[in-house]
Amino acid sequence: MKPTLDTSISPEPSPATRILGALLGGAVGDALGAPVEFFSLDEIRRRHGPSGVTGFEKAFGRKGAITDDTQMSLFTAEGLILSRVRQDDADAGLAATAIYHAYLRWLYTQDTARQAQLIRQHGTCAVIDGMLTTHAGLFAWRAPGQTCLSALRSGRMGTIAQPINASKGCGGVMRVAPVGFACADVSAAFQLGCASAAITHGHPTGYLSAGFMAVLIASIAGGARLPEAVDAARRILATHAGHEESSHAVAAAVALSRRGDPTPATMETLGAGWVADEALAMGLYAALVAGRDFRRGVLLAVNHSGDSDSTGAIAGSIIGACYGADVIPSDWLAELELRAVITEVAADLADTFHPIVKKGD
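Cut-offs and rules
Residues numbered from 1 in each chain as written. Predicted model: local features only at pLDDT ≥ 70, side-chain atom pairs only at ≥ 80, totals over all residues. Heavy atoms only, no water. Salt bridge = Lys/Arg side-chain N within 4 Å of Asp/Glu carboxyl O. Helix = DSSP H or I, 4+ residues; strand = E, 2+ residues; numbered from the N terminus. Buried < 20%, exposed > 50% of the residue type's maximum accessible area, 1.4 Å probe, protein only. 1 Å grid on protein atoms, 1.4 Å probe; cavity = no way out; pocket = protein on both sides within 12 Å on 5 of 7 lines; lining within 4 Å. Points joined across faces, edges and corners; volume = space filled by probe spheres on them. Nonpolar A, V, L, I, M, F, W, Y, C, P; charged D, E, K, R; others polar. Polar contact = N/O pair within 3.5 Å; in protein donor to acceptor, adjacent residues only side chain to side chain. Core = buried A, V, L, I, M, F, W, Y, C linked by side-chain atoms within 4.5 Å. Contact = heavy atoms within 4.5 Å. Expected span 1.5 Å × (residues − 1). pLDDT = per-residue confidence, 0-100. Axes fitted to C-alpha atoms, helices over the stretch in contact; angles between N-to-C directions. Parallel < 35°, antiparallel > 145°, perpendicular 65-115°, else oblique. Left-handed = near helix turned anticlockwise from the far one by under 90°. Phe/Tyr/Trp six-rings, centres within 6.5 Å; stacked < 30°, edge-to-face > 60°.

(A) Inspection of the pattern of salt bridges at higher detail. Scanning all chains against the criterion turns up ten salt bridges. Here E43 and R47 are joined by a salt bridge, their closest N and O atoms 2.6 Å apart. Highlighted residues: E43 and R47, both in helix 2 (residues 41–48), separated by four residues, approximately one helical turn. Two residues, R105 and E78, come together in a salt bridge whose shortest N-O distance is 2.9 Å. Placement of R105 in helix 4 (residues 92–110) and of E78 in helix 3 (residues 68–86) is noted, with a sequence separation of 27 residues between them. Using a relative accessible area of 2% as the deciding quantity, one classes R105 as buried.

As structure tokens, then:
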């Protein structure tokens, strides 16, 4: 069955609405997947019924709880904002360093026993300065990924030229969506997306998948439809050494989306989402088959045997970027943890990189 074309006549979302949609959408997908991460599909259905997860369930003591995926996405955004504030027209190297410092601030919120050591090692400016460390809710421990923790604890910033490890886990791609909104040029988006992921993930699959995601979001922000954005990102990805795993995963997701009848079992043919290429493919597949139906897309993205919060976050970010915050169900937004903080960061990101030009300015 061929996919149906979206022929609705909805107004084009503004950049600010797309940014808010991506950040809130990613957080909602993250929160939906958090309670069932590590469960098999059979176990999810045993606990929640034959349809699996259909709404927020409790994780970390509450419904709508975010995980480290959303935390690190917010710190990615903060790093980008501060890179522009402190250095106009910063190049990818300076912006990546600003993101690295933001990740150290995230580490400060999670690694509370080592806070004094972090300050001695990196300085107060790098570790504490920033808006997000003023929010007590971001100090909640949310099962942070061991690869991110070990890389940031090393005291060295990983780069593509000098990888910090050989990890191709999904921790780089699940947090990269804000980069797409900070780069008007898709090549720059790819470069910075890769650089931001390479801070903690040194395998080409780990950072090239993030570069793909950054281009995808940048293209959408520029007005491209999702299939057009996928094509643009695939072309750039294919020019980089080590792209084969990521390219194959994306191709599989696109091919699968054209077959129709999406189910959790179909989703699981793309993998489990623990590694970057699989998480990207699964989130992308869910977004491609969902169209404007945010609820359908993220529920497909989280009901599987694997890294449900990361695949949910990726799908939610893509759908939210495509159609804006208005497509996210209000009942989910009402229960979402740190919604006000996420909204504030989205507004700051929009003001920094997509300011509204008033008449007469």
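(B) Focus on the layout of surface pockets. Looking at the second largest pocket, its volume works out to about 380 Å³. Taken together, the elements giving at least two residues each to the lining of the second largest pocket come down to helix 3, helix 7 (146–153) and helix 16 (308–323). Broken down by element, the residue count for the lining of the second largest pocket peaks at three residues, all from helix 7. Grouping the constituent residues of the lining of the second largest pocket by class yields nine nonpolar, eight polar and six charged.

(C) Examining empty space enclosed by the protein more closely. All chains considered together, the criterion is met by two cavities of 30 Å³ or more. For the largest cavity, the lining is made up of 13 residues, of which A22, L23, G26, S73 and S317 are closest to its centre. Elements supplying a minimum of two residues to the lining of the largest cavity: helix 1 (15–33), helix 3, helix 8 (177–182) and helix 16. Its residues placed into classes, the lining of the largest cavity shows eight nonpolar, four polar and one charged. What the second largest cavity holds in volume is close to 60 Å³. Every residue along the wall of the second largest cavity is listed here: L107, D111, R114, Q117, L118, Q121, L152 and R153. Counting only elements with at least two residues in the lining of the second largest cavity, the list comes to helix 5 (115–122) and helix 7.

(D) The side chain of S83, seen in detail. When you line up the elements, S83 lands in helix 3. Looking at S83, its side chain comes within polar contact range of the main-chain oxygen of L80, at 2.7 Å.

(E) Quick look at the nonpolar core. Core analysis: the largest hydrophobic core is formed by 112 residues, its most contacted members being M213, L216, I318 and L336. Once residues lying within four places of it in the same chain are set aside, the contact partners of L336 are L24, A27, V28, A31, F56, R62, G64, I66 and I342.

(F) A look at helix 9 (residues 186–198). Here helix 9 spans 18 Å end to end across 13 residues, near enough to the 18 Å set by a 1.5 Å rise per residue. Residues of helix 9 that are buried: A189, F190, L192, G193, C194, A195, S196, A197 and A198. N-cap assignment for helix 9: the residue whose side-chain oxygen lies 3.1 Å from the backbone N of S187 is D185.

(G) Highlighting helix 1. With 19 residues, helix 1 extends 27 Å between its outermost C-alpha atoms, agreeing within 8% with the 27 Å of an ideal straight helix rising 1.5 Å per residue. With 15 of 19 residues buried, helix 1 lies mostly within the body of the structure.

(H) Molecular detail of the confidence of the model for the chain. Chain-level statistics for the chain give a pLDDT mean of 93 and a share of 94% at 70 or above. A low-confidence stretch, residues 1–8 stays under pLDDT 50, and its non-local contacts, those more than four residues away or across chains, total ten contacts.

(I) Examining the packing of helix 10 (residues 204–221) against helix 12 (residues 244–257) more closely. In contact at an axis separation of 8 Å, helix 10 and helix 12 are set at 50 degrees when each is read in the N-to-C sense. Regarding the angle of helix 10 to helix 12, the classification is oblique. For the pair helix 10 and helix 12, the sense of crossing is right-handed. On helix 12, the residues that touch T205, L208, S209 and F212 of helix 10 are E245, S246 and V250.

(J) Local environment of the packing of aromatic side chains. Considering all chains together, one arrives at four aromatic pairs under this definition. On the numbers, 6.2 Å between centres and 35 degrees between planes, the contact of F56 with W332 is tilted. In this pair, F56 sits in the loop between helix 2 and strand 1 (58–59) while W332 sits in helix 17 (residues 330–335), placing the two residues 276 residues apart along the sequence. We classify W332 as buried; its relative accessible area is 3%.

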